[in-house]
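So the chains spell out like this:
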Amino acid sequence: MILVLVEKTLDGAAVEVSLETLTFARSLSEAGGGVPVDAVVVGDVSDSLRAQLAAYGVRELHHLTGAGFEAFAGAAWASGIETVLATTRSVVVTAAGTPRGGEVLAHLAARSGAEMAANVISFDGLSPFVVRRQVVGGQAVEEMRLATRPTIFTVAGHAVEASPAATPGAAAVVEHAPDVAEADLVARVVSTEEPEPDLSGSLKSARVVVGAGRGAGGAEGFDDLLELADLLGAPLGVSRVVTSLGWRPHHEQVGQTGSRISPDLYIPCGISGAIQHWAGCSAAKAILAINTDPDAPMVTKATHAVIGDLHEVVPAINAEIRRRRAG
Amino acid sequence: MSVLVCVKRVPDATSEIVLTEDGQSVDGRFAGFTMSAHEECAVELAVQAASATGGEATVLTLGDADAVEQLRAALAVGCTAATHVVADAQQFGPADVAREIAAVVRDHEAAGRSHDLVLLGNDAADTGDFQVGIRLAHELGRPVVTGVSKVTVAEVDGRLVVTASGDGPDGYETYRVPLPAVVSVLEGGVEPRYPTVPGRMKAKKVSIEEREPGAAPTGQARVRWSLPPAAPSDVQILGKGPDAAPAVVDLFEKLGVLAR
Ligand SMILES: Cc1cc2nc3c(=O)[nH]c(=O)nc-3n(C[C@H](O)[C@H](O)[C@H](O)COP(=O)(O)OP(=O)(O)OC[C@H]3O[C@@H](n4cnc5c(N)ncnc54)[C@H](O)[C@@H]3O)c2cc1C
Ligand SMILES: Nc1ncnc2c1ncn2[C@@H]1O[C@H](COP(=O)(O)O)[C@@H](O)[C@H]1O
């Protein structure tokens, strides 16, 4: 069996990257002669989540509940997965390369003395089991041989496209309510602040997206970019540098650990085009890069580019749009 | 209270890299070396936590002789002691590194210096294994919090407690854990200070504890690294600077994205 840790949105649906991981697991299963794919979910499971997982080919849905799972604790989730593994024979345990996914699987690997591969993008062979994963900030790819069983790895966000199974699974619910050891609950979330409203829906479906990266220069460097977005009726999408530094909210992030967009036109300004960003924007039909560096990957991968300082180029574009609209 | 912060000498991944012939690492002849932004923030948080509790921050690295540069950089911004496990980091997998750090923690404790808080980066900028902190916590039998950007230590009911917080999938999350504990840090929650000239002078005078690895590494599961082939570029350059604006707006009109 291949066991996939599935994470949920605040609305209780499976997150997109978990569906991608299920898709990855199915291709592994096909290569391995049809080993079943099971899911493990912590906390509430709605009928619609169950239907969603069935559509993705899940055979059994292992449902972890109990006092130990009320607040997130990485070690507790790992111990829950150990409970599931004790009842089923599992050759692979995998999760999306999210903060939770990586944390829980690293706990599982440490506890079981197994190796763990982070941010896998594909697999090369089953015996020996060889995966390819991102290293050096995504600039290089590592071929890695995983010798320990079960094989533990996370799948990089947007490395594969989520697609439902040709034949749906039963997604039969198997209940698990294990006691969690006190030691596994010491490091647990004690409070969660109301998240900012998630407005990423409009980003994912937008026809035009204006992108902004470190080149914006600071939280105060977005005025011209927001005006361009306004003139085009487009949402803003940003790089992780921008959200990490707190210049813009996380729901605007495009990339492996953000949204995947597929607009007719993407206009990345001051974004270098790291592989993790590209993972979120490669589906754009046209890309107009604005960058001071003609050799930036975003420029060479784009369909169109302007070489220059975004703080000069973007105001000039805004003025030109206003001029044509007035005339 | 004593804080230990773990940093790794890594090639600067923001500039283009070249791999060694055997595909086992980045070719150092063509790379600049740094510590990652996550670890710079971990160093800053370590120094702040140490000073808030009247303690000391020790920096540790496992790396070759050149990794002294990263230890000195941490000493220049407020760490007061350094430990260098002299070894070729390329040969050490994440489980090996965790075991070596744990050995240092135990030996220091036996010598009367117990690192109640150990800080690391969330992920190393080169190998990106996302696991050394958790494996270390497992080795030491301590609780671990990962991926947080703010870390403070305070006394609560006579016990030192670390409060760690950061963005989580369900909102901004806080953990509160009694020491001893391990915490891995993501950049963004704190501004790393710049070294001052007196800071650099002081750093030069600190004598660095050098040790050999406690055990032979079990090694990497790596077969090889490779660079993805560069896709041919067919970008059309519309111009340079603000003069390109008309050509840009022509493109908008052609793509039909200008109409309201
Ligand atoms: C596991 C993992 C997951 C990640 N997930 C994501 C993700 O989801 N999304 C994401 O974006 N990143 C992600 N990253 C980070 C990614 O590797 C890059 O660090 C990030 O995308 C770089 O952001 P940037 O392009 O804004 O900054 P930089 O790489 O610093 O690039 C800045 C660019 O702006 C240009 N520039 C500078 N000044 C100007 C100016 N005045 N005018 C015009 N151009 C200018 C420069 O030439 C450069 O090309 C992830 C990394 C890891 C390890
Ligand atoms: N060779 C090393 N020396 C010191 N610290 C390290 C070393 N390798 C990894 N670390 C620490 O462990 C963190 C996570 O690394 P990793 O799990 O390899 O991605 C890094 O950010 C460092 O803080």
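Note that the coordinates shown come from a computational prediction; the quantities given were computed from them, not determined experimentally.

Asks: What is the right way to read the site of ligand 1 from this model?
Replies: As a structural note, the neighbourhood of ligand 1 is formed by 27 residues, with Ser 239, Thr 257, Ser 272, Gln 276 and Asn 291 of chain A the closest of them. Near ligand 1, residues from chains A and B are present, making the site a shared one. In this structure, an oxygen atom belonging to ligand 1 sits 3.0 Å away from a main-chain N or O atom of Gly 270 of chain A. Within the side chain of Asn 291 of chain A, a nitrogen or oxygen atom sits 2.7 Å from an oxygen atom of ligand 1. In isolation ligand 1 has 990 Å² of accessible area, and contact with the protein removes 81% of it. Here the shell around ligand 1 is composed, by residue class, of seven nonpolar, 16 polar and four charged.

Asks: I keep staring at the sheet that holds strand S4 (residues 92-96) of chain A and nothing clicks. Help me out?
Replies: Whether parallel or antiparallel, the strands of a sheet pair through hydrogen bonds between backbone atoms. Sheet architecture is open: 10 strands sit in the order S9(A)-S3(A)-S2(A)-S1(A)-S4(A)-S8(A)-S5(A)-S6(A)-S7(A)-S13(B), paired in mixed fashion. One side of each edge strand has no neighbouring strand; the edge strands of this open sheet are strand S9 (172-176) of chain A together with strand S13 (222-226) of chain B. Here the average twist between neighbouring strands, direction ignored, is 35°. In the sheet, strand S5 (residues 116-125) of chain A pairs with strand S6 (residues 129-135) of chain A via four bridges, with the strands oriented antiparallel. Among the inter-strand pairings, Ser 122 of chain A is bridged to a residue of S6 of chain A, identified as Arg 132 of chain A.

Asks: Hey, could you run me through unusual backbone geometry in this one?
Replies: Across the chain, the bulk of peptide bonds are trans and the bulk of non-glycine residues have phi less than zero. With omega at -10°, the peptide bond leading from Arg 149 of chain A into Pro 150 of chain A counts as cis. Relative to the helices and strands, Pro 150 of chain A resides in the loop between strand S7 (140-146) and strand S8 (151-155). Omega for the peptide link from Leu 179 of chain B to Pro 180 of chain B comes to 5°, which places this bond in the cis form. Its place among the elements puts Pro 180 of chain B in the loop between strand S10 (171-178) and strand S11 (181-185).

Conventions used here
Residues numbered from 1 in each chain as written. Chains lettered and ligands numbered in written order. Predicted model: local features only at pLDDT ≥ 70, side-chain atom pairs only at ≥ 80, totals over all residues. Heavy atoms only, no water. Near = heavy atom within 4 Å. Polar contact = N/O pair within 3.5 Å; in protein donor to acceptor, adjacent residues only side chain to side chain. Areas by Shrake-Rupley, 256 points an atom, 1.4 Å probe, with all protein chains shown as cover. Nonpolar A, V, L, I, M, F, W, Y, C, P; charged D, E, K, R; others polar. Pairing = 2+ DSSP bridges. Helix = DSSP H or I, 4+ residues; strand = E, 2+ residues; numbered from the N terminus. Axes fitted to C-alpha atoms, helices over the stretch in contact; angles between N-to-C directions.

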